[in-house]
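Remarks on the overall topology
Below are the chains, spelled out letter by letter.
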Amino acid sequence: MANIVHLSSVHPRYDTRIFVKQCRSLAALGHAVTLVVADGRGDEHVNGVRIVDAGYLPGRFRRVLRTTGRVLRAARRLDADLYHLHDPELIPAGLRLKRLGKVVIFDSHEDVPVQLLAKPYLGNWSRRLLSAGFAACEEYAYHRFDALVAATPYIRERLLRIHPNTVDVNNYPMLQEFDGAPDWDGKVAEVCYVGSISAIRGIRELVRACELLRSPARLSLVGSFAEPALEREVAHFPGWKRVDAHGHLDRGGVQAALRRAVAGLVTLHPVANYLDALPVKMFEYMAAGLPVIASRFPLWQDIVEGNQCGVCVDPGNPAAIAAAIDHFCLHPQVARRMGENGRRAVETRYNWRGEAGKLASLYEALLPAHAGRTAAAPPASSASSASSPTTTAADVRPLRHP
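Residues numbered from 1 in each chain as written. Predicted model: local features only at pLDDT ≥ 70, side-chain atom pairs only at ≥ 80, totals over all residues. Heavy atoms only, no water.

It is worth spelling out the sheet that holds strand S14 (residues 310-313) at this point. The strands making up a sheet associate through backbone hydrogen bonding, with each pair oriented either parallel or antiparallel. The parallel open sheet is built from six strands, whose spatial order is S11-S10-S9-S12-S13-S14. Edge positions in the sheet fall to strand S11 (243-247) and S14, since each has one partner strand and no second. Across the sheet, the axes of successive neighbouring strands diverge by a mean angle of 20 degrees, strand direction being ignored. One ladder, built from five bridges, connects strand S9 (residues 190-194) with strand S10 (residues 218-222); its direction is parallel. (Pairing = 2+ DSSP bridges. Helix = DSSP H or I, 4+ residues; strand = E, 2+ residues; numbered from the N terminus. Axes fitted to C-alpha atoms, helices over the stretch in contact; angles between N-to-C directions.)

Once that is clear, we can look at helix H5 (residues 124-141). When the terminal C-alpha atoms of H5 are compared, their 26 Å separation across 18 residues agrees well with the 26 Å that a helix rising 1.5 Å per residue should span. If you check which residues of H5 are buried, you get Arg-127, Ser-131, Phe-134, Glu-138 and Ala-141. End-on view of H5: buried residues confined to an arc of 105 degrees, all on one side of the axis. Seen from the open side of H5, the exposed residues pointing more than 90 degrees away from its buried face are Trp-125 and Leu-129. (Expected span 1.5 Å × (residues − 1). Buried < 20%, exposed > 50% of the residue type's maximum accessible area, 1.4 Å probe, protein only. Arc of directions from axis to C-beta.)

Quick look at the pairing of S14 now. As defined by bridge partners, strand S13 (residues 292-295) adjoins S14 across four bridges and the pair is classed as parallel. Within the sheet, the bridge partner assigned to Ser-295 lies in S14 and is Val-313.

Generally speaking, a soluble globular protein has its nonpolar side chains buried in company with each other. Membership of the largest hydrophobic core comes to 66 residues, with the highest contact counts inside it found for Leu-221, Leu-258, Leu-265, Met-282, Tyr-285, Met-286 and Ile-325. The contact partners of Leu-258, leaving out residues within four places of it in the chain, are Phe-178, Lys-187, Cys-192, Val-194, Glu-284, Tyr-285, Ala-288 and Leu-290. Within the second largest apolar cluster, 31 residues are counted, among which are Val-5, Leu-7, Val-71 and Leu-95. (Core = buried A, V, L, I, M, F, W, Y, C linked by side-chain atoms within 4.5 Å. Contact = heavy atoms within 4.5 Å.)

This next bit is on unusual backbone geometry. Positive phi is not limited to glycine here, since Asp-79 has a value of about 45 degrees. Position of Asp-79 relative to the elements: it lies in the loop between helix H2 (60-78) and strand S5 (82-85). Assessed through its relative accessible area of 28%, Asp-79 is described here as partly exposed. Phi at Gln-308 takes a positive value of approximately 50 degrees, unusual for a residue other than glycine. Relative to the helices and strands, Gln-308 is located in the loop between helix H12 (298-304) and S14.

Since the α-helix advances by 3.6 residues per turn, residues separated by three or four positions end up pointing in the same direction. When the terminal C-alpha atoms of helix H13 (residues 318-330) are compared, their 18 Å separation across 13 residues agrees well with the 18 Å that a helix rising 1.5 Å per residue should span. Those residues of H13 that sit buried are Pro-318, Ile-321, Ala-322, Ala-324, Ile-325, Asp-326, Phe-328 and Cys-329. Buried residues in H13 make contact with S9, helix H7 (203-211), strand S12 (263-266), S13, S14 and helix H14 (332-348).

Right, let's get into the environment of Ala-151. Along the chain, Ala-151 turns up in the loop between strand S7 (147-150) and helix H6 (153-159). According to the relative accessible area criterion, Ala-151 is buried, its value standing at 3%. Excluding anything up to four places from it in sequence, Ala-151 contacts Arg-17, Ser-108, His-109, Val-169, Asn-170 and Asn-171.

So, on to the sheet that holds strand S8 (residues 166-168). Overall, mixed pairing links the eight strands, which are arranged S3-S4-S2-S1-S5-S6-S7-S8 in an open sheet. Two strands bound the open sheet, and with one partner strand each, they are strand S3 (44-46) and S8. Within this sheet the neighbouring strands show an average axis-to-axis angle of 25 degrees, counted without direction. The strands that helix H3 (residues 91-99) touches are strand S1 (3-7), S5 and strand S6 (103-108); relative to S6, the one it contacts most, it runs at about 160 degrees.

Bringing the packing of aromatic side chains into the picture now. Scanning the entire structure with this criterion turns up nine aromatic pairs. Seen from their ring centres, Tyr-172 and Tyr-350 are 5.5 Å apart, and the 80 degrees between their planes marks the pair as edge-to-face. One end of the pair, Tyr-172, is in the loop between S8 and S9; the other, Tyr-350, is in the loop between H14 and helix H15 (352-376), with 178 residues separating them in the sequence. Residue class for Tyr-350 comes out buried when judged on its relative accessible area of 5%. Its end group placed over the ring of Tyr-140, Arg-144 keeps NZ or CZ at 3.8 Å from the ring centre. (Phe/Tyr/Trp six-rings, centres within 6.5 Å; stacked < 30°, edge-to-face > 60°. Lys NZ or Arg CZ within 6 Å of the ring centre and 35° of its normal.)

In structure tokens, the structure reads:
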């Protein structure tokens with residue numbers, strides 16, 4: 001088994017993709033897994049994963065200029081067999097680790113050049129310059145790493161032009177978190193939205209839709225507003241009286257919200273970085289046996305309507321969103337049938353078990369090669385050898401989040 005370190009200067013320590021899925025799946029395979037974060041909450045050991053805190057510094061510039069250095073120093077002290085990086089600002093740290101002879105993977109959670117083009121707080125020329133600059137950074141850095149991981153097939157196809165050893169590890173749900181059949185007799189006239197709340201994620205249209213409902217449905221919001229001013233704005237909409245804003249909830253709270261609801265909403269705006277995204281919430285709704293009300297993007301239509309597990313609407317049309325909510329609340333038998341279709345699709349295709357297998361296979365391919373290079377290296381090399389894991393992807397059993 002290998003000594004593996006995941007690095008993030010941005011994400012919370014219990015991030016779903018990094019900690020809940022990747023780190024705990026690798027620990028369940030028997031690897032020694034450490035996650036380095038920078039949140040100021042101290043070190044701990046949770047579910048077989050060691051968490052090392054590099055310390056928190058407020059402000060974006062401090063994070064980029066100083067926190068990344070702290071994360072790199074912590075990484076070097078750990079002297080791992082393999083480093084798995086999760087943030088663009090850690091790319092220079094990854095290059096430094098490569099110069100030290102380490103195996104380094106970069107995990108691209110987003111299509112960053114496209115994401116930068118959608119930043120509303122940047123001017124048009126600034127967006128273009130930053131996007132082109134980051135694309136050039138990718139070209140320089142990524143092919144020097146040992147492998148790339150992409151969060152979607154679309155990102156994988158783009159990165160394959162830079163590095164041939166690129167795999168997609170999708171944010172599909174862990175079936176263990178959704179192991180009970182929905183109790184449709186216990187549901188209420190309620191739909192839910194789970195995730196970060198912002199204008200481009202459609203919050204204005206969702207609350208406007210609540211003004212137009214014919215059914216007694218309520219909207220359950222699970223997540224935090226990205227902008228306090230936006231929360232104050234939509235709280236003055238007439239439809240807000242139909243909204244229950246819960247704020248951020250732990251995994252248990254999210255599960256409770258999904259158990260109450262008759263449908264899940266993911267009506268994001270058609271900005272470039274959403275059109276080919278695979279939202280975690282969409283698949284979690286499906287895993288929970290809920291029909292999905294999603295934006296009418298071609299990829300999402302293939303998933304939602306192709307599996308007959310929901311409907312796709314114009315995300316800019318509150319009346320269309322309201323009609324979809326009313327349809328499921330007034331016809332629970334339709335909601336139940338579509339929810340069952342979505343659950344079957346997750347069980348057969350869109351689940352974390354298969355993605356964990358991809359990640360394990362990538363590590364198996366990289367670590368023996370690194371062990372061979374280490375054996376041939378001069379004695380002064382600090383890289384340590386690692387044996388190939390013998391556990392197969394089918395043996396991965398991620399543990400529950402605390």
